[in-house]
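Read off the chains here:
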Amino acid sequence: MLDQITHLFRLRTILEQGSLRRASEKLNVTQPALSRSLAQLERYFGQQLVERHARGVKATPFGERVLSVSNRIERYWEIAEHELRTEVSDEKTVMRIGGGPVWRSGILSSILTELQIRYPRNVIEFTTLTYGKALQDLREGRLDVAFGGVFNDGSNSPRFERVKLTEVTNYVMAREDHPLLVGKDPDILPSSLLTYPWIVYSELPAYREITQHTVAEHIGGMPDIRFICQNLLSVLTILQQSDCLCVLPSLSVQAVNSPRIVPIPLPLRRSTVDIGMIFRTEIGEWGPMKTLLELCRQKFGIVEQGELDPTHAVTAKSLGGAGEIGQH
């Protein structure tokens, strides 16, 4: 088995480098040895893994599948090796966490801080989810866990564990001292939103659609869009410093103060999006992973899997957003 793993890791380097010569230099292994590894893997799987061309080699479709699996195996071995050597080695290991914008806005800060305190020899690598690639990044070990909208992505693979933590809401947002909210009649007319400039939060593709079409249905005209901004922090700052309006998920504004960002009280169409975490089943027993799951459940008041404590659970229901992993 270990021989096969060695051959798989060599295959990955060959494909990453695009040639046996460059892979040989990188691995400090002779080209004939790499050729033998390739031949042995192809005999073992009974299919061709690489195609040779004038500039080197590239993976066959089956080779791409084998490469994906080998990446996942290597990541699992890194985690297992660290656990086995933890008593005799001071070497740190990396936990790779990806988060959608709602999670990066501050929700995970206290959780990850506590996780690092409990596992001081772990380095937490917290990155932005790449839209449309999160499942592949999880599958191939570039991520260990992803936080986002994880339940409507069309995949039911037993390879992944999915945990719902809460529900996300989108509202039309403004600063708390916005002219619409100060000294006005509490019954705000939807058409009055046309008076003010708008921001499109563009990191998630769904928000342009929501702003330009769904909201337009309720206010009786197209919003006057003045900003199209990909960065959530910039969006929140502009909202605090201007009379702009913006459609945002409710959880993304919880940490904003002076002034706060609050929803405009309008009777918009309601729907919910489940959000939570997704990770590879095989690392479910890894200590940091179990602790991260425990901390997340505590954060959202989940007393048992699938059950929410109504006195603590963070829930929200309103104008819907997309639930594909990589969003929220």
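To keep things clear, this report deals only with the structure shown in the data block. (Residues numbered from 1 in each chain as written. Predicted model: local features only at pLDDT ≥ 70, side-chain atom pairs only at ≥ 80, totals over all residues. Heavy atoms only, no water.)

With that settled, the discussion passes to the environment of Leu236. For Leu236, the position within the fold is in helix H9 (residues 232-241). Judged by its relative accessible area of 7%, Leu236 falls in the buried class. The spacing of Leu236 and Cys246 is ten residues in sequence and 9.2 Å in space, taken between C-alpha atoms. In this structure, Leu236 is in contact with Leu248, Ser252, Val253, Val256 and Ile261, ignoring residues within four places of it in sequence. (Helix = DSSP H or I, 4+ residues; strand = E, 2+ residues; numbered from the N terminus. Buried < 20%, exposed > 50% of the residue type's maximum accessible area, 1.4 Å probe, protein only. Contact = heavy atoms within 4.5 Å.)

What follows concerns the sheet that holds strand E8 (residues 197-201). With mixed pairing, the five strands of this open sheet are ordered in space as E9-E8-E10-E7-E11. Looking at strand neighbours, the two that pair on one side only are strand E9 (224-229) and strand E11 (261-263), the edges of this open sheet. Sheet twist, expressed as the mean angle between neighbouring strand axes with direction ignored, is 40°. Sitting on the sheet, helix H8 (residues 205-219) is in contact with strand E7 (170-175), E8, E9 and strand E10 (245-249), with an inclination near 140° to E8. Running at roughly 135° to E10, H9 makes contact with E7, E8, E9, E10 and E11 of the sheet. (Pairing = 2+ DSSP bridges. Axes fitted to C-alpha atoms, helices over the stretch in contact; angles between N-to-C directions.)

Let us look at the packing of helix H6 (residues 109-118) against helix H10 (residues 287-299). The interhelical angle for the contact between H6 and H10, taken along N-to-C directions, is 145°, at an axis separation of 10 Å. Once H6 is placed against H10, the crossing between them reads as right-handed. Within the contact between the two elements, H6 uses Ser110, Ile111, Leu112, Glu114, Leu115 and Arg118 and H10 uses Pro288, Thr291, Leu292, Glu294, Leu295, Cys296 and Lys299. (Left-handed = near helix turned anticlockwise from the far one by under 90°.)

With that out of the way, let us pick up the packing of aromatic side chains. A full pass over the atoms with the stated rule returns four aromatic pairs. Ring geometry for Tyr44 and Phe45: centres 5.2 Å apart, planes at 80°, overall edge-to-face. A relative accessible area of 56% places Tyr44 in the exposed class. Three or more aromatic residues joined by ring pairs form one cluster here, namely Tyr44, Phe45 and Phe62. (Phe/Tyr/Trp six-rings, centres within 6.5 Å; stacked < 30°, edge-to-face > 60°.)

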